[in-house]
Amino acid sequence: MSNTSQAILLAFAATALFAIAAALAKVAVQEFHFLQILFVRQVIVLLSALPTLVRTFPASLKTGHPLTHGLRLLAAFTALSSGIWAVEVLPLTTAITLAFAQIFFTALLASKFLNEPVGPQRLITILVGFIGVVIVMRPTVDGMLNIHAVIPVAGAFGAAIAVVCVRKLSQSESTATLLAYQSVFVGLIAALPLPWVWVTPTALELSLLIAIGVISTAAQWIGVKALRLGEASVIGNVEYMKLIYAALIGYFVFSEIPDRYTIIGAAIIIASSAHIIHRETRQKAQAKHA
């Protein structure tokens, strides 16, 4: 099997696992605060990264850009916590659809802080994508005032900031340093309010929380492997399978039926963001052969 075929299969698996983890989180938030769920998840992430952290400690914690790391950690915390909170208050498909706003935020922030060019065509594509986001949020006064629809969009903005920070830091920081800060300090931030929100789980409930962490971590590692084997444009397009998985799980598990706004908005978001990914890949290929 070619590397591209392996990458596609791995990407399908990763997106399915992410959707399953989101569905399990939607079950867990009925009993536990979303920050408690995030804390347990980060413990699992930390355990998976522990061999690398031990091998590179203390050098992995040395950095010349502490402020950028701090911004990245706050942004990553916002993205991860909002992702769990969103599935508590929104239908699964809607929450995951709005999270794709990250692609447009990343494009805008990268142009501002990484000097990545944004021409008229790309700007129009970004604006079209945001129209799709607004449609999913509901084009009515009541819908726009509903804070629930803002939660995954805020998470998408946080994720975009984290991505831009990683792109900047990766030019001077090692992978071990990036991994160390993310795996350790996001969990510590989530732990701060635990004395006030902690609910002691039963053995079955603890298994559910651990499963969310294990599945999320596995999805992350599989997704990284897919990116190493295949082109980013191919993997990026497979990401949209997450919407289909979410719709199926939402329908069969939670009896959720996506309304017309979600369907129309998702179609616009997929089309515009797929265009951005295709255009970026084509430009990189042209620059490589120049």
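Structure: above.
What comes next is a walk through the structure. These numbers were taken from a predicted model, which means no experiment stands behind them. (Residues numbered from 1 in each chain as written. Predicted model: local features only at pLDDT ≥ 70, side-chain atom pairs only at ≥ 80, totals over all residues. Heavy atoms only, no water.)

### So, helix 9 (residues 175–191)
- Relative to the 24 Å expected for 17 residues at 1.5 Å per residue, helix 9 spans 25 Å between its end C-alpha atoms, a close match to the ideal helical length.
- Those residues of helix 9 not exposed but buried are Ala-176, Thr-177, Leu-178, Ala-180, Tyr-181, Ser-183, Val-186, Gly-187 and Ala-190.
- Contacts from the buried residues of helix 9 go to helix 2 (34–56), helix 3 (66–89), helix 8 (150–169) and helix 10 (194–197). (Helix = DSSP H or I, 4+ residues; strand = E, 2+ residues; numbered from the N terminus. Expected span 1.5 Å × (residues − 1). Buried < 20%, exposed > 50% of the residue type's maximum accessible area, 1.4 Å probe, protein only. Contact = heavy atoms within 4.5 Å.)

### Remarks on the nonpolar core
- The biggest cluster of nonpolar side chains holds 58 residues, and the ones touching the most others in it are Ile-37, Ile-84, Leu-92, Ile-96, Leu-98, Phe-105 and Val-133.
- Considering every element that reaches this core, the biggest residue donor is helix 8, with 8 residues.
- Residues within four places of Phe-105 in sequence aside, it is in contact with Phe-130, Val-153, Ala-156, Phe-157 and Ala-160. (Core = buried A, V, L, I, M, F, W, Y, C linked by side-chain atoms within 4.5 Å.)

### Considering the packing of aromatic side chains
- Enumeration according to the criterion identifies 4 aromatic pairs in this entry.
- Aromatic side chains Phe-105 and Phe-157 sit 5.2 Å apart centroid to centroid with 80° between the ring planes, which places their arrangement in the edge-to-face category. Here Phe-157 lies in helix 8 and Phe-105 lies in helix 5 (residues 102–113), a separation of 52 residues in the sequence.
- Classification of Phe-105 by relative accessible area gives buried; the value is 14%. (Phe/Tyr/Trp six-rings, centres within 6.5 Å; stacked < 30°, edge-to-face > 60°.)

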